[in-house]
Amino acid sequence: MTAMADIEVAAPDKIVIHPVWVRITHWVNALAMIVMILSGWQIYNASPLFNFIFPPSITLGGWLAGALLWHFAAMWLLAVNGLVYLAFGLATGRFARKFFPIRPREVLADTRAALAGKLSHDDLSVYNAVQKLLYVGVIVAGILIVLSGLAIWKPIQLQELTTVMGGYDAARYVHFVAMAVIVGFLVVHVALALIVPKSLRAMLRGR
Amino acid sequence: MARIRKPIPGVDPKLLIKDAGKLLPDPTRRLFLRGGASLGALTFLTGCDIVDGLSAEKALRKISEFNDGAQALLFSAAKLAPTYPQSAITRPFPFNAYYGPDDAPEVDGKDYALEVGGLVDNKKKWTLDELYALPEVSQITRHICVEGWSAIGSWQGARLSDFLQRVGADTRAKYVWFQCAEGYSNTIDMPTALHPQTQMTFKFDNQILPRAYGYPMKIRMPTKLGFKNPKYVVAMHVTNTDLGGYWENQGYNWFSGL
Ligand code: HEM
């Protein structure tokens, strides 16, 4: 259970910030998410919910059937990989240790510090309150996008789930909003990773 | 982002006809991977060069077949599609096909005779009067299009499972295949054919099926996406061979269950 924590304490100069299961599931998730998002935009364009479509040139699949093939292939990768990440995160205690507690006062203070460019990144093994909030938020959005996706894919076989989502039409909006949250996160997340390159190195090499 | 028309709920039939065009493959984009920027991004991300769009398409189709199996496993004959009150019916109910309503097939009801073939005991043809005399069932259910929009409609007709029994169909066979007047065709799995809500539909909203909705007969399956619900059906075969279908052959998922 606490094996990872022990290693971190035992060898301070060789601290493993992101164990290998985090790194693998993180990058598999990034790939699956991007395929899901780009093919999802093409599917959205076939019957838009709002007064816009996504520029077809930045979508994946070429046409509706192609996009659906991508979407329903990558969904397995996304779901299985996500379950592995959640299972490890809960079982190893990583989630409890790294993401909690999230204190509103600290989120405010860290947001202010981040905007002023005064947030310390000396210790990558500890997430600041903004990181905690963003990561927990995107994990919740990830769970929501899978559940709402199931609700619109199987509104009869999984009709209880569709009902929880507010019905078929409402579930389409839930699915869209969860996508928008994830894309918003992704923009901020990638920008921050590039601003603090050693965090990117840690997610690739572990330390 | 390009601005376009408003979304469905109001339902303008003219717009929906245009919509159907989106189901069609754009000839310049037949290969799924010719996605310009996104192909570049994918190549970059995976670190391998997927120039061979065809083999990617093949792999994706294999996964789609796997998804057919997964959906068949998930399918339960006991799960009924939710039904709705009369007031929930979408009016006007959208017309959707790969042709405009003026090009919809015009079937002459007087000459019509449904052909029943394959693994059935009785291959007699059925006239419309004989079909109309079958015990009537009714449903108000949601029609869900592969494009994502949905609409609630009211359909009346005969239960397909009763009809299959009546003609002595071998219900251990794997598939039922439907042939339509305009050349459209469609193969479905036997469990869906036997689902209690799968209906040989002769009426929409208690009126003889209008031409746009598939006169004289459509097969209504609330458990499948709209394109799996054939209209203008002229023949039905019980078979152990998957004879494919118009959209399925072009890459849409075969099972397409809901
Ligand atoms: C492809 C672009 C991406 C890059 C470059 C990237 C980069 C990173 C980096 C450098 C970290 C460690 C950051 C830190 O130390 O605070 C990280 C963590 C994380 N990323 Fe990403 N990421 C990407 C995509 C995604 C996507 C698409 C998601 C989810 C939708 C995601 C979710 C997360 C989460 C939840 C963590 C925390 C993981 C943990 O500590 O268990 N990332 N990412």
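Note: the structure precedes this text.
Since the structure is predicted, the reported quantities are computational estimates derived from the model, not experimental observations. (Residues numbered from 1 in each chain as written. Chains lettered and ligands numbered in written order. Predicted model: local features only at pLDDT ≥ 70, side-chain atom pairs only at ≥ 80, totals over all residues. Heavy atoms only, no water.)

Remarks on the overall build of chain B
- Along the backbone of chain B there are six helices and ten strands.
- Put simply, chain B has 258 residues, and 52% of those count as buried.
- Here chain B has roughly 11600 Å² of accessible surface; of this, 57% comes from carbon and sulfur atoms. (Helix = DSSP H or I, 4+ residues; strand = E, 2+ residues; numbered from the N terminus. Buried < 20%, exposed > 50% of the residue type's maximum accessible area, 1.4 Å probe, protein only. Areas by Shrake-Rupley, 256 points an atom, 1.4 Å probe, with all protein chains shown as cover.)

Re the overall build of chain A
- Along the backbone of chain A there are nine helices and zero strands.
- Element order for chain A, N to C, with α for helix and β for strand: α-α-α-α-α-α-α-α-α.
- C-alpha extents for chain A along the principal axes are approximately 55 × 40 × 30 Å.
- The 207 residues of chain A split such that 47% are buried.
- Approximately 10200 Å² of chain A is accessible, and the part contributed by carbon and sulfur atoms is 74%.
- Of the charged side chains in chain A, 16 are positive and 9 negative, and the gap between their average positions amounts to 5 Å. (Lys, Arg positive; Asp, Glu negative; His and termini not counted. Charge placed at Lys NZ, Arg CZ, Asp CG, Glu CD.)

Comments concerning the sheet that holds strand E2 (residues 126-127) of chain B
Residues and elements named next belong to chain B.
- One open sheet accounts for five strands, arranged E2-E1-E10-E5-E6; its pairing is mixed. Strands at the two margins of the open sheet, each flanked by one partner only, are E2 and strand E6 (185-189).
- Relative to E6, strand E5 (residues 175-180) is paired through five bridges, and the arrangement is antiparallel. Along E6, the bridge assignment pairs Trp177 with Thr187. (Pairing = 2+ DSSP bridges.)

Remarks on the coordination of the iron atom of the ligand
Residues and elements named next belong to chain A.
- Every protein donor of the iron atom of the ligand is accounted for by His26 (NE2) and His189 (NE2), and the metal-donor separations fall at 1.9 Å.
- Classification of the site at the iron atom of the ligand rests on its six donor atoms, whose angles at the metal span 83 to 179°, yielding the label octahedral. Of the two residues, His26 is situated in helix H2 (residues 20-46) and His189 in helix H8 (residues 168-195); the sequence distance between them amounts to 163 residues. (Donors = N, O, S within 2.8 Å, 3.2 Å for Na, K, Ca; no water. Tetrahedral: all angles 85-135°; square planar, octahedral: opposite > 155°, others 65-115°.)

Focus on the packing of H2(A) against helix H3 (residues 64-91) of chain A
Residue and element names in this part refer to chain A.
- Between H2 and H3, whose axes approach to 8 Å, the crossing angle comes to 150°. In terms of axis orientation, H2 runs roughly antiparallel to H3. Every pair of crossing elements has a handedness; the one defined by H2 and H3 is left-handed.
- Partitioning the contact of H2 with H3 into residue classes produces 19 nonpolar, eight polar and no charged. (Axes fitted to C-alpha atoms, helices over the stretch in contact; angles between N-to-C directions. Parallel < 35°, antiparallel > 145°, perpendicular 65-115°, else oblique. Left-handed = near helix turned anticlockwise from the far one by under 90°. Nonpolar A, V, L, I, M, F, W, Y, C, P; charged D, E, K, R; others polar.)

Side note on the side chain of B:Ser64
- Tracing the backbone through its elements, the reader meets B:Ser64 in helix H3 (residues 53-74).
- A residue is classified by how much of its surface remains accessible, and B:Ser64, at 10% relative accessible area, is buried.
- If sequence neighbours within four positions are ignored, B:Ser64 has contacts with A:Leu69 and B:Asn253. (Contact = heavy atoms within 4.5 Å.)

Description of the pattern of salt bridges
- Under the defined criterion, the tally for this structure stands at 13 salt bridges over all chains.
- A salt bridge links B:Arg142 to A:Asp169, with the nearest nitrogen and oxygen atoms 3.3 Å apart. Highlighted residues: B:Arg142 in strand E3 (residues 137-144) and A:Asp169 in helix H8, drawn from two different chains.
- Residue classification places B:Arg142 among the buried residues on the basis of a relative accessible area of 17%.
- For B:Arg211, the salt bridge identified is with B:Glu106, shortest N-O distance 3.9 Å. (Salt bridge = Lys/Arg side-chain N within 4 Å of Asp/Glu carboxyl O.)

Considering the pairing of strand E1 (residues 113-118) of chain B
All names here are of chain B.
- Here E1 pairs with E2 via two bridges, running antiparallel. Of the residues in E2, the one forming a bridge with Leu114 is Trp126.
- Here E1 runs beside strand E10 (residues 233-239); their pairing, made up of four bridges, is parallel. Within the sheet, the bridge partner assigned to Gly117 lies in E10 and is His237.

Quick notes on a nonpolar patch on the surface
- Together, A:Val187, A:Val188, A:Leu192 and A:Ile195 make up an exposed nonpolar region whose accessible area comes to about 380 Å².
- Within the secondary structure layout, A:Val187 lies in helix H8. (Patch = residues over 30% accessible without salt bridge, like charges linked within 9 Å, V, L, I, M, F, W, Y side chains within 5 Å.)

Describing the environment of B:Gln199
Residues and elements named next belong to chain B.
- In this fold, Gln199 is placed in strand E7 (residues 199-204).
- Judged by relative accessible area, Gln199 falls into the buried class, the value being 2%.
- Expressed as a C-alpha distance, the spacing of Gln199 and Asn229, which sit 30 residues apart in the sequence, is 9.9 Å.
- Discounting residues that sit within four places of it in the chain, Gln199 has contacts with Val137, Ser138, Gln139, Trp155, Gln156, Gly157, Ala158, Leu160, Lys218, Ile219 and Arg220.
- At a separation of 3.5 Å, a polar atom in the side chain of Gln199 contacts the main-chain amide nitrogen of Gln156. (Polar contact = N/O pair within 3.5 Å; in protein donor to acceptor, adjacent residues only side chain to side chain.)

Brief notes about a positive patch on the surface
All names here are of chain A.
- A contiguous patch of positive charge, built from Lys198, Arg201, Arg205 and Arg207, is present on the exposed surface.
- Residue placement: Arg207 occurs in the segment after helix H9 (197-205).
- Owing to a relative accessible area of 42%, Arg207 belongs among the partly exposed residues under this scheme.

Considering the pairing of strand E4 (residues 150-159) of chain B
Residue and element names in this part refer to chain B.
- Within E4, nine of the ten residues are buried, which leaves the element mostly enclosed by the surrounding structure.
- Bridge count for E3 against E4 is eight bridges, and the pairing is antiparallel. In the sheet register, Arg142 faces E4, and the bridge partner there is Ile152.
- Between E3 and E4, which follow one another and run antiparallel, lie five residues, and Gly148 among them has a positive phi close to 120°.
- Of the pairings in the sheet, the one linking E4 to E7 comprises five bridges and is antiparallel in character. What sits directly across from Gly157, in E7, is Thr201.

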